[in-house]
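Listed here are the chains, written in short residue letters.
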Amino acid sequence: VAKRLEGKTIVITGASSGIGRSTAFEFARTAPKDLKLILTARRIDTLKEIAADIAKEVGDGVKVLPVQLDVSKPEEIRGFVDGLPAEFKEIDVLVNNAGLVKGVAKAPEILEDDLNVMFNTNVTGLINMTQAILPTFLKRPNGGAGDIINIGSIAGREPYIGGSIYCATKAAVRSFTDSLRKELIATRVRVMEIDPGQVETEFSVVRFYGDKAKADAVYAGCEPLTPDDIAEVVVFVAGRRENVVVADTLIFPSHQA
Ligand code: NDP
């Protein structure tokens, strides 16, 4: 796997926390030679700390570029690739991970702001990132090459009461991923999706508008996955032989079945 990932340039959205942050470390640990990581999120200071921590752990064989990017803002995505330093422009892997849930509410009570932020981030942001990076993949010889790894959710397959908007966003991700995979079937661009169940991250803190007690209560009496559990799968799918597409992975803690 290290050999196959060697020399690759990888973009991770939502890399400042949780699954995205763990994925950055997992790539760096797995392929600590000539790897380039572009870490994006809104919290640039956190990304810079992560970059420094990765360098401390694996040394300077991995080049890390922290980039402030709000995926819900199309104008920021439009300038993203052009704004990269030349040595980071040849992107090989896009991990579309940035995402969030806001609130727990039945349909009549859903706040307009929450509705918009979930769709703009989870769906439009993911699609805009994909559109921004696909041209780099498609200009490669023999129809193109590159990996798009979308982080969906079990919620996109199994809707739950109080989460209709979040579930709808993740169902949209699933549908977009499947369509794109079919569109690109004649190329060497792999389009893959990983759908986690419960993972303990800042996700629930965001869901409850920063209320840590409510967030912790979600995990009472169960053992959620760790972000590393998902990161290992991301690196696994990206590290397969180029003819192998791990198209669709559902991963959840044993209690959640
Ligand atoms: P975290 O809240 O820990 O991480 C979310 C990341 O997304 C952060 O780095 C955050 O960075 C980033 N983000 C949020 N909004 C934006 C934005 N507008 N632009 C750019 N980055 C943004 O949660 P997780 O690690 O758990 O979530 C990662 C993905 O996993 C999400 O897509 C989520 O839906 C999915 N998922 C999570 C599950 C769970 O139980 N935790 C279960 C199933 C799926 P910043 O605030 O700095 O911008």
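Quick summary incoming for the structure in this document.

This part covers helix 5 (residues 112–138). A rise of 1.5 Å per residue sets the reference length of helix 5, with its 27 residues, at 39 Å; its end C-alpha atoms lie 37 Å apart and thus fit the reference within 8%. Residue Thr124 marks the point of greatest curvature in helix 5, where the axis turns by about 35°.

Around the ligand, 29 residues are found, and the nearest of them are Ser16, Ser17, Arg42, Tyr166 and Thr201. For the ligand, an oxygen atom lies 2.8 Å from a polar atom in the backbone of Ile19. Interatomic distance of 2.8 Å between a backbone N/O atom of Asn97 and an oxygen atom of the ligand. Protein chains bury 96% of the 890 Å² of accessible surface belonging to the ligand in isolation. Elements with a contribution of two residues or more to the shell around the ligand: helix 2 (18–30) and helix 6 (164–183). Residues of the shell around the ligand, tallied by class, amount to 11 nonpolar, 13 polar and five charged.

Scanning the model with the defined rule gives 18 salt bridges in all. Where Glu6 meets Lys3, a salt bridge forms, and the shortest distance between an N and an O atom there is 3.5 Å. Overall, the relative accessible area of 28% leaves Glu6 in the partly exposed class. Assessed through its relative accessible area of 64%, Lys3 is described here as exposed. Residues joined by salt bridges that share partners form a network here, namely Arg157, Arg174, Glu193, Asp195 and Asp248.

Calculation rules
Sequence positions are assigned chain by chain, starting from 1 and proceeding in written order. In keeping with the model being predicted, local features are shown solely for residues with a pLDDT of at least 70 and side-chain atom pairs are shown and tallied solely at 80 or more, while totals for entire chains, interfaces and linings include all residues. Excluded from the side-chain calculations are hydrogens and water; all other atoms, namely the structure's heavy atoms, are used. Helix and strand definitions follow DSSP, with helices as H or I runs of at least four residues and strands as E runs of at least two, each counted in order from the N terminus. For a helix, the expected span equals 1.5 Å multiplied by the number of residues minus one. Bend angle per residue: angle between axes fitted to the 7 residues ending at that residue and the 7 residues starting there. It suffices for a single heavy atom of a residue to lie within 4 Å of a molecule or strand for the residue to be listed as near it. Whenever a nitrogen or oxygen atom comes within 3.5 Å of another N or O atom, the pair is scored as a polar contact, on the condition that within protein one atom can donate a hydrogen and the other can accept it, and that pairs from neighbouring residues in sequence are kept only if both atoms are in side chains. Exposure was quantified through the Shrake-Rupley algorithm and a 1.4 Å probe, taking into account, for residues, occlusion by the shown protein chains and nothing else. Amino acids are sorted into nonpolar (Ala, Val, Leu, Ile, Met, Phe, Trp, Tyr, Cys and Pro), charged (Asp, Glu, Lys and Arg) and polar (every other residue, Gly among them). Any Lys or Arg side-chain nitrogen located within 4 Å of an Asp or Glu carboxyl oxygen qualifies as a salt bridge. Buried means the residue's accessible area, taken with a 1.4 Å probe over protein chains only, is under 20% of the maximum for its type, while exposed means over 50%, and partly exposed covers the values in between.

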